[in-house]
Amino acid sequence: MAGKFRTALLGALAATAIAGGMVGTAGAQDKKEMVTVVKLSGIAWFNRMEEGVKEYAEATGNNATQVGAATADAALQVQLIEDLIARGVAAINVVPNSPQALEPVLKRALDNKIVVVGHEGATLQNVTYDLEAFDNKAYGEHLMEALAQKMGGEGEYAVLVGYLTSVTHNEWVDAAIAYQKDKYPKMTLVGGKLESAEQQQQANAKVRELLRTYPNLKGIQGSAGEDVVGAALAVEEAGLNDQVSIVGTSLPSVAGAYLETGDIDMISFWDPAKAGYAMNVVAAKALAGETVKSDDDLGVEGYEKVRVDGKVIYGQAWVDVTAENMDEYDF
């Protein structure tokens with residue numbers, strides 16, 4: 001995988017070598033310490049992101065690493081960032097559990113002349129830039145359209161988010177719900193927004209309870225990477241595989257077995273490794289005093305022609321995966 005991913009990202013090397021402080025072979029004095037702080041460690045999504053961070057480090061010579069707490073806790077993220085500020089790192093990339101909770105510590109990072117790049121945090125104020133894989137409204141509408149097609153445009157459905165404080169997850173489902181109300185009035189949201197805490201077990205427990213309350217449920221849209229699998233397990237346990245359609249954000253390595261059986265109808269995602277790489281590209285540009293502008297090419301697939309709105313950089317990086325094309329993705 002490392003060789004395959006390197007090939008896909010070689011175009012980014014030229015864009016980041018000079019910006020990252022690399023001239024020929026980067027000398028120790030030229031290396032920048034750039035740390036990506038993720039929501040939590042040890043799950044497939046962020047394991048994959050770390051591949052991209054390591055790939056960037058190898059390609060540019062910068063000291064790019066990734067850290068995360070064992071649980072998705074904003075307070076633990078704050079502590080990690082405080083430690084990085086004390087170390088005087090050059091750049092902090094962050095995937096926030098709660099953007100609001102991180103604003104004060106990110107301001108301290110900026111005040112200490114540290115470049116800050118967010119991801120999945122379009123509302124963040126105290127950042128140099130925030131990098132989004134795509135427009136969140138369009139993505140949420142896309143997922144709802146897929147679910148509506150599977151449901152025949154009518155019936156009860158539910159939505160899952162990692163946390164009610166997860167900005168991107170809520171932007172997706174808010175857009176999806178608004179789209180449903182406008183385009184598919186015969187569909188009905190039930191149960192409100194269910195929190196999975198980014199954990200398959202909690203998603204499973206919430207959907208089991210949901211199915212007991214709403215036995216006619218016909219569809220589920222998941223947001224966190226483990227949501228669709230937790231939902232599929234609950235639906236399978238209830239013997240409702242043929243009744244309930246499931247779509248959402250995940251990875252083939254997480255959801256593949258259920259895509260293959262048809263218990264999950266479709267997953268969509270952006271490659272976390274490419275996002276991890278692209279965040280470091282953006283950070284390196286900022287460290288070099290460069291401004292990212294609309295139509296710029298970050299040298300990473302899905303981010304070849306970005307759109308910039310204020311501090312937010314948007315790519316066009318989502319892909320849809322079903323049983324038919326899941327073999328094209330080995331992560």
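Residues numbered from 1 in each chain as written. Predicted model: local features only at pLDDT ≥ 70, side-chain atom pairs only at ≥ 80, totals over all residues. Heavy atoms only, no water.

1. Focus: helix 3 (residues 74–87)
Right, on to step 1. When the terminal C-alpha atoms of helix 3 are compared, their 20 Å separation across 14 residues agrees well with the 20 Å that a helix rising 1.5 Å per residue should span.
Right, on to step 2. Inspection of helix 3 places Ala-74, Gln-77, Val-78, Ile-81, Leu-84 and Ile-85 among the buried residues, and these make up the whole buried set. Mapping the buried residues of helix 3 onto a view down its axis gives an arc of 125°, with all of them on the same face. Of the residues in helix 3, the exposed ones pointing more than 90 degrees away from the buried face are Ala-75 and Ala-86. (Helix = DSSP H or I, 4+ residues; strand = E, 2+ residues; numbered from the N terminus. Expected span 1.5 Å × (residues − 1). Buried < 20%, exposed > 50% of the residue type's maximum accessible area, 1.4 Å probe, protein only. Arc of directions from axis to C-beta.)

2. Things to note about the pairing of strand 1 (residues 33–37)
Successive residues of a regular strand alternate their side chains across the two faces of the sheet.
Right, on to step 1. Here strand 1 lies mainly inside the structure; 4 of its 5 residues are buried.
Right, on to step 2. Note: strand 1 against strand 2 (residues 63–67), 5 bridges, orientation parallel. Across the sheet, the residue bridging to Met-34 is Ala-64, located in strand 2.
Right, on to step 3. Handedness of the crossover joining strand 1 and strand 2 through helix 2 (residues 44–60): right-handed.
Right, on to step 4. In the sheet, strand 1 pairs with strand 3 (residues 91–94) via 4 bridges, with the strands oriented parallel. Bridge pairing in strand 3 links Val-35 to Ile-92. (Pairing = 2+ DSSP bridges. Right-handed = clockwise from strand over helix to strand, strands pointing away.)

3. A few points about the environment of Ala-138
Right, on to step 1. Residue position: Ala-138 is located in helix 5 (residues 136–151).
Right, on to step 2. Look at Ala-138 and you get partly exposed, because its relative accessible area is 30%.
Right, on to step 3. On a C-alpha basis, the gap between Ala-138 and Tyr-179 in space is 9.9 Å, while along the polypeptide they are 41 residues apart.

4. Digging into the sheet that holds strand 8 (residues 219–222)
Right, on to step 1. Here we have 6 strands laid out as an open sheet, ordered 7-6-8-9-10-13, and mixed in their pairing. The sheet is open, and its two borders are formed by strand 7 (187–195) and strand 13 (319–321), each paired with just one other strand. Direction aside, neighbouring strands of the sheet carry axes that sit 15° apart on average.
Right, on to step 2. Packing of helix 8 (residues 227–237) onto the sheet brings it into contact with strand 6 (155–161), strand 8, strand 9 (245–249) and strand 10 (266–269), and relative to strand 9 it is tilted by some 165°. (Axes fitted to C-alpha atoms, helices over the stretch in contact; angles between N-to-C directions. Contact = heavy atoms within 4.5 Å.)

5. What to know about the packing of aromatic side chains
Right, on to step 1. Tallying each qualifying case throughout the model produces 13 aromatic pairs.
Right, on to step 2. Geometrically, the ring pair formed by Tyr-139 and Trp-318 is tilted, given 5.5 Å between the ring centres and 55° between the ring planes. Highlighted residues: Tyr-139 in helix 5 and Trp-318 in the loop between strand 12 (312–314) and strand 13, separated in sequence by 179 residues.
Right, on to step 3. Accessibility expressed as a relative area gives 0% for Tyr-139, which makes it buried. (Phe/Tyr/Trp six-rings, centres within 6.5 Å; stacked < 30°, edge-to-face > 60°.)

6. Focus on the pattern of salt bridges
Right, on to step 1. Under the criterion given, the structure shown has 14 salt bridges.
Right, on to step 2. Arg-87 serves as the salt-bridge partner of Glu-33, at 2.0 Å between the closest nitrogen and oxygen. With Glu-33 in strand 1 and Arg-87 in helix 3, this residue pair connects regions lying 54 residues apart in the sequence.
Right, on to step 3. Taking the relative accessible area as the measure of exposure, Glu-33 reaches 23% and is therefore partly exposed.
Right, on to step 4. The partner of Glu-141 in a salt bridge is Lys-137, and the shortest N-O contact between them spans 2.7 Å. (Salt bridge = Lys/Arg side-chain N within 4 Å of Asp/Glu carboxyl O.)

7. With respect to the packing of helix 2 against helix 10 (residues 272–287)
Right, on to step 1. Helix 10 packs onto helix 2 with a crossing angle of 45° between their chain directions and a minimal axis gap of 6 Å. With respect to helix 10, the element helix 2 is oriented oblique. Taken as a pair, helix 2 and helix 10 cross one another with a handedness that is right-handed. On helix 10, the residues touching Trp-45, Arg-48, Met-49, Glu-51, Gly-52, Val-53, Glu-55, Tyr-56 and Ala-59 of helix 2 are Pro-272, Ala-273, Ala-275, Gly-276, Tyr-277, Met-279, Asn-280, Val-281 and Ala-284.
Right, on to step 2. Broken down by class, the residue content of the contact of helix 2 with helix 10 amounts to 12 nonpolar, 3 polar and 3 charged. (Parallel < 35°, antiparallel > 145°, perpendicular 65-115°, else oblique. Left-handed = near helix turned anticlockwise from the far one by under 90°. Nonpolar A, V, L, I, M, F, W, Y, C, P; charged D, E, K, R; others polar.)

8. Remarks on the side chain of Ser-223
Right, on to step 1. When you line up the elements, Ser-223 lands in the loop between strand 8 and helix 8.
Right, on to step 2. Side-chain polar atoms of Ser-223 contact the backbone oxygen of Leu-160, separated by 2.6 Å.
Right, on to step 3. Apart from residues lying up to four places away in sequence, Ser-223 is in contact with Leu-160, Val-161, His-169, Trp-172, Val-173 and Thr-249. (Polar contact = N/O pair within 3.5 Å; in protein donor to acceptor, adjacent residues only side chain to side chain.)

9. Looking at the packing of helix 3 against helix 4 (residues 99–111)
If you want to describe how two helices pack, look at the angle between their axes and the distance between the axes.
Right, on to step 1. Taken N-terminus to C-terminus, the directions of helix 3 and helix 4 make an angle of 5°; their axes are 10 Å apart at the nearest point. Classed by the angle they form, the pair helix 3 and helix 4 counts as roughly parallel. In this structure, helix 3 contributes Ala-74, Gln-77, Val-78, Ile-81, Glu-82 and Ile-85 to the contact, and helix 4 contributes Ala-101, Leu-102, Val-105, Leu-106, Arg-108 and Ala-109.
Right, on to step 2. Residue classes in the contact of helix 3 with helix 4 are distributed as 9 nonpolar, 1 polar and 2 charged.

10. Remarks on the pairing of strand 10
Right, on to step 1. The alternating pattern of strand 10 places Met-266 and Ser-268 and Ile-267 and Phe-269 on opposite faces, both of which are buried.
Right, on to step 2. Relative to strand 10, strand 9 runs parallel, the two sharing 3 bridges. Counted as the bridge partner of Gly-248 is Ile-267 from strand 10.
Right, on to step 3. At this point the chain moves from strand 9, through helix 9 (residues 252–261), to the parallel strand 10, and the crossover so formed is right-handed.

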